[in-house]
Amino acid sequence: MSSKAINSELEMLRQRVTELEAQIASQAQSEQELLHIFAALDDLVLVIDDQGYYRKIIATNPNLLYQPSHALINKCFHEVLPLDFANSFLEKVRQTLSSGKKSFLEYSLPVNGQLVWFEASISPLSSTLIVAIIRDISDRKAAELELQQSQAELETKVIERTQQLQATIVHQQKLEIERKKAEIALEKDREFLKTLLDNLVDGIVACDAQGKLTLFNKATKEFHGLPPQPIPADSWAEYYGLYHSDSLTPMAMAEIPLFRALAGEIVKNAEMVIIPNQGKQRTLLASGQAFFDAQGNKLGAVVVMHDISDRKAAELALQAANTNLELRVEERTAALQETLTALEASEEKFRSLVENANDLIYTHDRSGIITYLSPHLQSMLGYDPEEVLGHNFADYVYPEHLQKALEFHELIVTTGEKQSGLEFQMRRRDGSWCWLVCNTGILRNRQGEMVEFQGIARDISDRKIIEQQLIQQTEDLANTLEELSRTQSHLIQSEKMSSLGQLVAGVAHEINNPINFIYGNLNHANEYIQGLLELMQLYQQHYPNIVPAIQDQAEEIDLDFVINDLPKLMKSMRTGAERIQKIVLSLRTFSRMDESERKSVDIHEGLDSALMILEHRLQETPDHPAVEIVKDYAPLPAIECYAGELNQVFMNILSNALDTLEKKEQNPHPTIHIATELVNSFSGIPQVRIQIKDNGRGIPEAIQQRIFDPFFTTKDVGKGTGMGLAISYQIIVDRHHGTLECISQPEQGTEFIIQIPVSS
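The rules behind each value
- Residues numbered from 1 in each chain as written.
- Predicted model: local features only at pLDDT ≥ 70, side-chain atom pairs only at ≥ 80, totals over all residues.
- Heavy atoms only, no water.
- Buried < 20%, exposed > 50% of the residue type's maximum accessible area, 1.4 Å probe, protein only.
- Helix = DSSP H or I, 4+ residues; strand = E, 2+ residues; numbered from the N terminus.
- Pairing = 2+ DSSP bridges.
- Core = buried A, V, L, I, M, F, W, Y, C linked by side-chain atoms within 4.5 Å.
- Contact = heavy atoms within 4.5 Å.
- 1 Å grid on protein atoms, 1.4 Å probe; cavity = no way out; pocket = protein on both sides within 12 Å on 5 of 7 lines; lining within 4 Å.
- Points joined across faces, edges and corners; volume = space filled by probe spheres on them.
- Nonpolar A, V, L, I, M, F, W, Y, C, P; charged D, E, K, R; others polar.
- pLDDT = per-residue confidence, 0-100.

### Description of the pairing of strand β11 (residues 298–307)
Counting buried positions along β11 yields eight of 10 residues, so the element is predominantly enclosed. By the bridge criterion, six bridges tie strand β6 (residues 203–208) to β11 in an arrangement that is antiparallel. In the strand pairing of β11, Asp-208 is matched with Gly-300. Bridge count between strand β10 (residues 282–292) and β11: nine bridges; the pairing is antiparallel. Residue pairing across strands places Gly-288 opposite Val-303, the latter belonging to β11. Hairpin geometry of β10 and β11 is characterised by an intervening segment of five residues between the two adjacent antiparallel strands and by a positive phi of about 90° at Gly-296.

### Regarding the nonpolar core
Counting residues in each nonpolar core, the largest one holds 37 residues, and the members touching the most others are Phe-650, Ile-653, Leu-654, Ile-672, Ile-690 and Ile-754. Per-element accounting of this core gives the leading share, 10 residues, to helix α19 (residues 643–663). If near-sequence neighbours (up to four positions away) are discounted, Ile-690 is found in contact with Ile-603, Leu-607, Phe-650, Ala-675, Thr-676, Phe-752, Ile-753 and Ile-754. In this structure, Ile-57, Leu-72, Phe-77 and Ala-86 belong to the second largest nonpolar core, which totals 28 residues.

### Points about empty space enclosed by the protein
On inspection of all chains with the given rule, the structure shows five cavities of 30 Å³ or more. As for the largest cavity, its lining consists of 21 residues, and the residues nearest its centre are Tyr-362, Leu-373, Phe-393, Phe-424 and Met-426. Where the lining of the largest cavity is concerned, the elements lending two or more residues are β12 (360–364), β13 (370–373), α11 (377–381), α13 (399–415), β14 (419–427) and β15 (433–444). Among the elements that make up the lining of the largest cavity, the one with the highest residue count is β12 (four residues). The class makeup of the residues in the lining of the largest cavity is 17 nonpolar, four polar and no charged. One number sums up the size of the second largest cavity: a volume of about 130 Å³. Lining the second largest cavity are 14 residues, and of these Leu-46, Tyr-54, Leu-64, Tyr-66 and Tyr-107 sit closest to its centre. For the lining of the second largest cavity, the elements supplying multiple residues, two or more each, are β1 (44–49), α4 (83–99) and β3 (103–111).

### Describing the confidence of the model for the protein
Of the residues in the protein, 77% reach a pLDDT of 70 or more, and the chain-wide mean stands at 79. Below a pLDDT of 50 lies the segment residues 181–187, which in the model reaches 29 contacts outside its immediate sequence neighbourhood of four places, other chains included.

Take a look at the structure:
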């Protein structure tokens, strides 16, 4: 081949290379434009065959994928989707391929643990392929649900409705703000991309660096009301008008989102209104920006327009509903204001009554926490109401009165009725105690449920002081009267015993003198009589034949009997005199007129003297057998005591025992057992214990508790004063600092135990 031919061929090759480079550059620019277009989309693009296999996935928004794209590509629906949905989706794909027309499908799937709603726009791409534009409509679904709930609740919840409507509006605003951009892998096939763009529900428009329109999809034409046939881009403005969101103010050229993006601004959700000559008015949100090549040269701008007409209509409906709601709220507020004014007047009157009341008005809940206290608390207890509110009333109640207060409130809850008259003490701020009387009831709500306790408390401290003084005075008077009665009885008894002692001592003294005279002369008389009897015996021996007159006189006086009986008579008279001497000694021992002060004496002598005086009651009579005295005396030291008073105690106890034994029917062996012993008390001081026990019928328990009370007696009228044991108790306990105890059981007899110190 010649060099010319070779040069010619090279030239042709150069031209061809230049053309190819131009085509490659043009293609690269188109791909760059599409890349920026898809970067502004929030949708997911899928290419699926008639068998349900994923052939291409443009993961502009990976968050919408049921599984990651690498796990879906070349997989069948049935391998990755729930079976029921896989069948219905495949059926929809086949219907679209069969009809050759675009179809739509709404469905929900769990994605990343949450249920997501999708809208799929399905268009045939070839005889066996479809392209599916998948959009997340969860926010729209949520908005629809919230709108329904808001409309349903408008009639029932006036206050909550406004908050819900505002929340819905805010949510809708966030819905548009949170539009996510997706990365789109551009396919070389421009027809595929064009089909893809035409199936988008959002409008897409692009221009080159000089502002010349280079791209608009089917949705854009519908938004602007453009005819189906192609028309020059510079003629578009004849078919529509662009306005601001108020639908009245025309939008200047520099304000149009596409030209703002071309100028370098990143446009986000710019709201505008399109009013076409033919078609419906639409409200759109436009987002876009300029795009550049790899070297940073501006190639143009692209804007995506999202139709929010339905949402705006919903917002208008919400605004209308909100306006209606505000009117109703104003009406209700006016009515409430009138009621509030009346309540304030009533409350002011009530507050005046409460603040000027002389009683304390309070409320507290069921657990006792104080919720209100009237100002009178300051003057009553010294507390400021604020420092007591929120505390438990039990913290201020006198501990011994707390249980009574709790039972009082429990009674209110149980009966549901007001209770009054609770008297208890509460602590003042200065630490002193105040007496209160309370009337308390239950405060209920409209449903009849208990809310808290409410009541009135009055200070009765002065009254309580007077009552305590009256009670103390009454007790003092009673004690004084009892003491006076006891003293009077003791004085009377002492006077009687003194008179009796004086009488006994006088009688004993008067009897003692002649008895001593008689007893002293009995020896002489006995000697004289013995001498005369011996003389008569001598006469009988030496003068056996006596004169008749003497014989007659001897027979008349029964001389032999007199001689035999006269010594016996003298012996009997000596015995009687000795008995009278012992009685006189016992009387003197009992009276102890010369021993009115404490003196060391033999206790056993006092017991024996009392028994000697009472011996006539120990003897057998036709009514009862003789009373046996059993003595169990232990060796005792001399006891320092008031002997006369102690003998009086012995006499009283023994007399009562004899009274009991005389009443005992069919008691073949009435017995009184007297025992003495020396013991040590708890303090270690030696004491004498005297036990006097009978085997009578015993004393009932009810009577035992009163036997030492003054004037208490079970004897018939005129037979007892009821002072014997009372005085005995006083003599042992008060005078001798000892103890007097009675132990008795029915039919088991009675035992009195006397215990006194050996010395003072």
